[in-house]
Amino acid sequence: MSDTGSSTRYLDQGKPPERFARGWHCLGLESAFADGKPHGIEAFGTKLVVWQDSQGGTNVLDGYCRHMGGDLTQGSVKGDEVACPFHDWRWGGDGKCKQIPYARRVPLRARTQKYPVVIRNGQVLVWHDVEGGAPDMDVLPPELPGIGTDEWTDWFWEVVPIEGSNCRELIDNVVDMAHFYYVHLSFPTSFRNVFEGTRATQYMASKGRPDVSGGYGDAEMFLKSEATYYGPSYMINWLEVDYKGFITEVVLINCHLPTGPDSFTLQYGIAVKKPEGLDEKTAQYIAKKYATMFGEGFLQDVHIWKNKVPVQNPLLCEEDGPVYQLRRWYEQFYVDVADIAPEMVDRFEFEVDTTKANEFWQAEVAENLAKKAREDGEGADGVANPEAEGKPQVMTGT
C-alpha cells in the first residue's frame, strides 16, 4: 500500500494557466519572412499568418479568414495584402479587409485580429494581451549594440518544438543553480538573482567539469553569464567565454512562443563578437561551435522537461534559490493589469551560497577521475600499468 500518512509530501501537479502571457513574444528572424510569401506560425492556441509587404514591413494577423475560415497561410501575397485561398478576400496588415474581387463593396465589419509588430535585433516581436491593451513599448527588449554590423557574426538561429511541457518549466531555470552541475555538466561557482518590474536576471560564473564531456563539460572552459528575461518569454544572455585563455564575447537569445497549455516553441540564437585579427571564416566557425555547444545544453533541458511532471508546490532546500519568488514575478504576465500585486514587481535579490555544493561536487569529480585513471591504467590482464598511476586531477574553486 502507498503511504498516505500526514508525513508524506503531497505532489501538486496543478493545471496549466488558462491564458497566454501578456507581453512581447518572438516569432523568429525577420529574414525568414522576407520571401514574399505568407508564413504560418503556431502561437497562443491558434495559427498566425506572417508576411512582408511591398514596403518591407512585417505584418501579423490571426491565420484564419473571417469570411469562411480559410487558412491564410496557404494563400498568397498580392500587393501589400494576404489573400485567402478560399475566396480571395484580401487582408491588410491593419487587420482590415481591403478587397473582395467578386463583390461590389467590403462589409464594414470585415476586420480580423492583428498583432502589433516591432523588429528588434533582426527579430520579429509581437505583442499579445488577452485584455486587448495597447502594446507597452517601455518593456521591449533592448537593442543590442553592434548586432547587425561587421563587428558581430550573423545569428545562428534554431527552432525546437516542445510537446508535453508548459513554458514555465523554462522560466524556473532562472533560479536553478544545481541543475547546471547535473544537467549541463559545469560548476556554478557564483549564482545570484535580481527580479524587478518586468525583468528577471541571473548572474552566474561557472567552469566546466573535467570528468565528463558534452554540454559545458570542459575543464578549460570558464563562463561569466548575465541573463535577463525582458518580460515573460524573451531572454538576452551576455556571455564571456574563456577557453584556454582565449576570451570571446557571445550573445545568446533564449526565447519561447507558447502554442498550447502544454506545448511551446523554443527558439535560441547565437551571435559572436568577431575577435580582432581573425578572418571572417574563422569567426563564423567559432560562432557555429558555440551555437552547437549551447544548443546541446538546451537539448539537455528538453530531455528533462519531456520526462518530468509539473510541480506547483516544490519541496526546496536553501540552495535551490528563490523558486517561489520567481513564480510570483512570472505571475504578473498571467493576470489582468489591474490585478498586478506589488510583490510581483518589487525588487528582490538573492544570492545562493555555492560553498557546500562545490565542496561535494569537487570531491565527487575527483573520485570520478580517480576511478577513470584506475580503469585506464589496467591492461588486458587486469594488471595495473604503473605509468598510468598518479594523482587525480582536482579542480580548485573560484
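What counts as what
Residues numbered from 1 in each chain as written. Predicted model: local features only at pLDDT ≥ 70, side-chain atom pairs only at ≥ 80, totals over all residues. Heavy atoms only, no water. Helix = DSSP H or I, 4+ residues; strand = E, 2+ residues; numbered from the N terminus. Buried < 20%, exposed > 50% of the residue type's maximum accessible area, 1.4 Å probe, protein only. Contact = heavy atoms within 4.5 Å. Areas by Shrake-Rupley, 256 points an atom, 1.4 Å probe, with all protein chains shown as cover. UniProt positions renumbered as here; feature names shortened; annotations may be inferred. Pairing = 2+ DSSP bridges. Axes fitted to C-alpha atoms, helices over the stretch in contact; angles between N-to-C directions. Domains from an automatic or database assignment. Buried area = accessible area lost by both parts, 1.4 Å probe. Salt bridge = Lys/Arg side-chain N within 4 Å of Asp/Glu carboxyl O. Polar contact = N/O pair within 3.5 Å; in protein donor to acceptor, adjacent residues only side chain to side chain.

Caption draft 1: Structural view of the overall build of the protein chain. The secondary structure content of the protein chain amounts to six helices and 18 strands. Taken across its 398 residues, the protein chain has 49% of its residues classed as buried. Within the protein chain, residue pairs in contact and separated by at least 24 positions form 58% of the contacts whose partners lie at least 6 positions apart. As presented, the protein chain carries roughly 20500 Å² of accessible surface, and 50% of it is formed by carbon and sulfur atoms.

Caption draft 2: Here's a closer look at the UniProt feature "domain: Rieske" (unreviewed entry) in the protein chain. UniProt feature "domain: Rieske" (unreviewed entry): in the numbering of this structure it lies at residues 24-126. Spanning residues 24-126, this segment combines 0% helix with 41% strand, and its end C-alpha atoms are found 5 Å apart.

Caption draft 3: Molecular detail of the sheet that holds strand β3 (residues 46-52). Pairing in this open sheet of three strands is antiparallel, and the strands run β2-β3-β4 from one edge to the other. Each having just a single partner strand, β2 (39-43) and β4 (58-62) make up the two edges of the open sheet. Taking each pair of neighbouring strands and ignoring which way they run, the sheet shows an average axis angle of 30°. Pairing analysis gives five bridges linking β3 to β4, with the strands arranged antiparallel. Among the inter-strand pairings, Gln52 is bridged to a residue of β4, identified as Thr58.

Caption draft 4: Just the environment of Tyr243, in detail. Looking at the element boundaries, Tyr243 is found in strand β15 (residues 234-243). Look at Tyr243 and you get partly exposed, because its relative accessible area is 29%. Placed 37 residues apart in sequence, Tyr243 and Ser206 show a C-alpha to C-alpha distance of 12 Å. Once residues within four sequence positions are removed from consideration, Tyr243 is found in contact with Asp218, Glu220, Met221 and Tyr290.

Caption draft 5: Molecular detail of the environment of Leu72. Here Leu72 lies in the loop between β4 and β5 (76-78). For Leu72, a relative accessible area of 0% gives the class buried. Put simply, Leu72 and Val50 are 22 residues apart on the chain and 9.4 Å apart in space, counted from C-alpha to C-alpha.

Caption draft 6: Main features of the domain arrangement of the protein chain. Once the domains are mapped, the protein chain shows domain 1 (23-139) and domain 2 (156-377). For domain 1 and domain 2, the distance between their C-alpha centres works out to 33 Å. Contact with domain 1, which involves 17 residues of that partner, is made by 16 residues of domain 2. Carbon and sulfur atoms supply 57% of the area that domain 1 and domain 2 bury against each other, a total of about 1300 Å² over both sides. Applying the counting rule to domain 1 against domain 2 returns zero salt bridges. Applying the counting rule to domain 1 against domain 2 returns seven residue pairs in polar contact (both at pLDDT 80 or more).

Caption draft 7: Layout of the pattern of salt bridges. The final tally for this structure, using the stated rule, is 17 salt bridges. The partner of Lys47 in a salt bridge is Asp71, and the shortest N-O contact between them spans 2.9 Å. Note that Lys47 is positioned in strand β3 and Asp71 in the loop between β4 and β5, a separation of 24 residues in sequence. Considered together, Lys47 and Asp71 belong to a single accessibility category, that of buried residues. Between Glu196 and Arg347 there is a salt bridge, with its nearest N and O atoms 2.8 Å apart. Taken together, the residues span a long stretch of sequence, with Glu196 in strand β12 (residues 186-196) and Arg347 in the loop between α5 (342-345) and β18 (348-352) at a distance of 151 residues.

Caption draft 8: Broad picture of the sheet that holds strand β7 (residues 90-91). Strands sit in the order β5-β6-β7-β8 across an open sheet of four strands; the sheet is antiparallel. Each edge of the open sheet carries a strand with a single partner, namely β5 and β8 (97-99). Note: β7 against β8, two bridges, orientation antiparallel. Looking across to β8, one finds that Trp91 is bridged to Cys97.

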